[in-house]
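Coordinate analysis (summary)
The chain contents come next:
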Amino acid sequence: MTETSQTTSTQRQEPGILPVTARLKNLPWWALFLLFLGILLVRSIFRDENYQDAFEFIAPGLQITLTASVIAFAIALVVGLIMGMGRISTNPITYNIATFYVEVVRGIPMIVIIIYVAFVLVPFFIDGANGLGKFILETSWLSFLEGLGTSLSTLDITQINPLARAIAGLAFGYGAYEAEVFRAGIQSIERGQMEAARSLGMSYLQAMRHVILPQAIRVILPPLGNDLIAMIKDSSLISVLAVRDLTQLGKLNRSRTFRTFETWNTVTYLYLSMTLLGSMGVKLLERQLHSGVSVMTSIRNFFRKLWPGLSRKQLTD
Amino acid sequence: MSEKIIEIRNISKSFKNVDALSNISLDVNQGEVVFIFGPSGGGKSTMLRCINRLETVDEGEIIVDGIHVTDPKPDLDTLRAEVGMVFQLFNLFPHLTVLNNITLAQELIRKRKRDDASEIAMNLLKRVGLPEKADSFPDQLSGGQKQRVAIARSLAMNPKIMLFDEPTSALDAEMIREVLDVMMVLAQEGMTMVVVSHEMGFAKAASDRMVFLADGKLVEEGPTDVLFSNPKEARTKAFFDQILY
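Throughout this description, residue numbers start from 1 for each chain and increase along the sequence as written. Each chain gets a letter, beginning with A, and each ligand a number, beginning with 1, in the order they are written. Under the rules for a predicted model, residues below a pLDDT of 70 receive no local features and side-chain atom pairs below 80 are neither given nor counted, while totals for whole chains, interfaces and linings still include all residues. Computation of side-chain values: all heavy atoms of the structure, hydrogens and water removed.

As for the nonpolar core
Note the following rule: Here, the term nonpolar core denotes a set of buried Ala, Val, Leu, Ile, Met, Phe, Trp, Tyr and Cys residues that are joined through side-chain atoms within 4.5 Å. When a residue's accessible area, from a 1.4 Å probe over protein chains only, is under 20% of the maximum for its type it is buried; when over 50% it is exposed; and in between it is partly exposed. Here, residues are in contact when the closest pair of their heavy atoms is within 4.5 Å.
Grouped together as the largest cluster of nonpolar side chains are 51 residues, with contacts concentrated most on Ile6, Met47, Val64 and Phe93 of chain B. If near-sequence neighbours (up to four positions away) are discounted, Ile6 of chain B is found in contact with Leu26, Asp27, Val28, Ile51, Ile63, Val64, Ile161 and Val194 of chain B.

And the structure:
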């Protein structure tokens, strides 16, 4: 009796070889269940007419959702970097502009931001462009810019399609969050780095570009990856502008066929397939970065895992 | 003869309510090695950092090789290119190899070409005894090695003055020697050096003058042998008693 309890409590576990019960406990049951549901859905799509119909109608929305998310995110990164540096600047003008932007935009719901950008800001900029164009045309010494003047003054709201406005809205909204991510990343780099760079004679911008930002980017890659996944989810909001993304097509299919189950199961499944793959990618990237691998190698390894067949040549082209 | 390359005139600086520096004046001649010592928080590092304008003074003037450091808009580019600084915590760039640590500023500021900069870097690495570490990363080096690389990095800019802010204070005992050896050679080669440190042995062996700073005030200064053997101020004597076992 005492022997068995002694052996179980003092039993040395060989690394990597756990007893069966422990291994069963550690399985990611949630993922397996999800996979199971996914398989069920795929089966339904092949077997059930309604599911097939729903899938064929809704799946094209994937392209819009992904395109909008990726482009908007890329723009948000640029906006975020500029505004992030503004947030830590000592110059009162840049600091206040950046802080105004970040505080205001983060205080408005994303759906309202998208609507606001589409129906207030974009028309406002069109008016401004028109005005600038007219000014250029009317001012004689600016005649060399005539071409630009004409195109600016004739710019019309209908030339900016809903998708473009949706992307602008998403980028505008997310830029504020990325600004804070960049700010935190830059500030996480110890002061001594900037001091050493400046002591060697580098300007503030040179120090940022060659010393601080390369280190900061490594720190903020996981949060950025997570924000990209969040962007994919928030892209569903562009459906309020009637852009034919995944969600909008879901709504349209619902009103077209009245098949709520098939419609929304398909939409949900398609979003999950993007976001779950995305978060697995982020976790992989995180693990790479954590083990001290350089940023470029991490990103390359990430792509290697996705497409093992890719040769080194194809990767570096 | 030797002309003054650093002139510090009546500088004062306070942080919030604390007087970090009170009316300090000091001159450093070209080729001199000045050793600054004193209790922690006495203002030594602050004063050093004012020389290359990592800190600003509230009052007073600092002139380095003709450059008025304390002007509202000084010629920082020239100043920092002429004054090299070595930090207590090394501050090497972790994302760059040792070689690139040393070539980066050369290429950016001295506008040297890659090959020239690399050659200079390798020569400096040989001088500090670490040529084999050129392609290593800073986190693969020991503390003493990191500091020697940091010294090489600053020397690559051909500065006229080298500032050392407690260069060995973060090192394990056995690594202090290798760094001090490098600094010793620099001193013998005639580099103008201002060293903030606790390493009295180095002071005795390498420095021309010693300066005792406490509570933001310059208590005493003088030629090394004189100050060491016969400190005039009571405060200085008390400090020596404390640290010289």
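Regarding the packing of helix α5 (residues 61-87) of chain A against helix α9 (residues 162-187) of chain A
Residues and elements named next belong to chain A. The condition that has to hold: Under this scheme, a helix contributes an axis fitted over its contacting stretch, all axes are lines through C-alpha atoms, and angles between N-to-C directions fall in the 0 to 180 degree range. Counting from the N terminus, the helices are DSSP H or I runs at least four residues long and the strands are E runs at least two residues long. Each angle gets one of four labels, with under 35 degrees taken as roughly parallel, over 145 as roughly antiparallel, 65 to 115 as roughly perpendicular, and the rest as oblique. By definition, turning the near helix anticlockwise from the far helix through less than a right angle yields a left-handed crossing, and turning it clockwise yields a right-handed one. Three residue categories are used. Nonpolar comprises Ala, Val, Leu, Ile, Met, Phe, Trp, Tyr, Cys and Pro, charged comprises Asp, Glu, Lys and Arg, and polar comprises the others, including Gly.
Running from N to C, α5 and α9 point in directions that differ by 40 degrees, and their axes come no closer than 5 Å. With respect to each other, α5 and α9 are oriented oblique. Judged by the sense of rotation from one axis to the other, the crossing of α5 with α9 is right-handed. Grouping the amino acids of the contact of α5 with α9 by side-chain chemistry returns 20 nonpolar, three polar and four charged.

Description of the confidence of the model for chain A
Residues shown with low pLDDT carry predicted positions that ought not to be read at fine detail. For clarity, the cut-off: Summary of the metric used: pLDDT quantifies the predictor's per-residue confidence within the range 0 to 100.
A residue-level look at chain A finds 86% of positions with pLDDT of 70 or above and a mean pLDDT of 85. Across residues 1-9 of chain A the pLDDT falls below 50, and counting only partners more than four positions away or on other chains, this stretch makes one contact in the model.

Observations regarding the sheet that holds strand β8 (residues 192-196) of chain B
Residues and elements named next belong to chain B. Rules: Between any two strands, pairing holds if DSSP finds at least two bridges.
Strands sit in the order β6-β7-β8-β3-β9-β10 across an open sheet of six strands; the sheet is mixed. What marks the edges here is a single partner per strand, and that holds for β6 (83-86) and β10 (217-223). Averaged over neighbouring strand pairs, the angle between their axes works out to 15 degrees when direction is ignored. Where strand β3 (residues 33-37) and β8 come together, four bridges link them in parallel fashion. Residue Val34 lies in a different strand from β8, and its bridge partner there is Val194. Against the sheet, helix α5 (residues 143-155) engages β6 and β7 (161-165), with an angle of about 170 degrees to β6.

So, the side chain of Glu262 of chain A
All names here are of chain A. The test is simple: Distance and chemistry together define a polar contact, namely a pair of N or O atoms within 3.5 Å, with one atom able to donate a hydrogen and the other to accept it when in protein, and with adjacent residues in sequence counting only for side-chain atoms on both sides.
Tracing the chain through its elements places Glu262 in helix α13 (residues 260-290). A distance of 3.4 Å separates the side chain of Glu262 from the side chain of Arg259, its partner in a polar contact. Every residue in contact with Glu262, bar those within four places of it in the chain, is listed here: Asp48, Asn50, Tyr51 and Ala54.

Remarks on the interface of chain A and chain B
What counts is decided by this rule: Salt-bridge detection follows one rule: a side-chain nitrogen of Lys or Arg within 4 Å of a carboxyl oxygen of Asp or Glu.
Each partner contributes residues to the interface: chain A has 17 residues there, and chain B has 20 residues. Taken together, chain A and chain B are joined by one salt bridge. Residue Glu195 of chain A is joined to Arg49 of chain B by a salt bridge in which the shortest nitrogen-to-oxygen separation is 2.7 Å. The interface formed by chain A and chain B holds five residue pairs in polar contact (both at pLDDT 80 or more) in total. Breaking the side of chain A that touches chain B down by element, the ones donating at least two residues are α10 (191-199) and α11 (204-234) of chain A. The class makeup of the residues in the side of chain A that touches chain B is six nonpolar, seven polar and four charged.

Comments concerning the environment of Ile161 of chain B
Residues and elements named next belong to chain B. Structurally, Ile161 is set in strand β7. On the accessibility criterion, Ile161 (1% relative accessible area) is buried. With 79 residues separating them along the chain, Ile161 and Glu82 place their C-alpha atoms 6.4 Å apart. Filtering out sequence-adjacent residues up to four positions away, Ile161 remains in contact with Ile5, Ile6, Val64, Glu82, Val83, Gly84, Met191 and Thr192.

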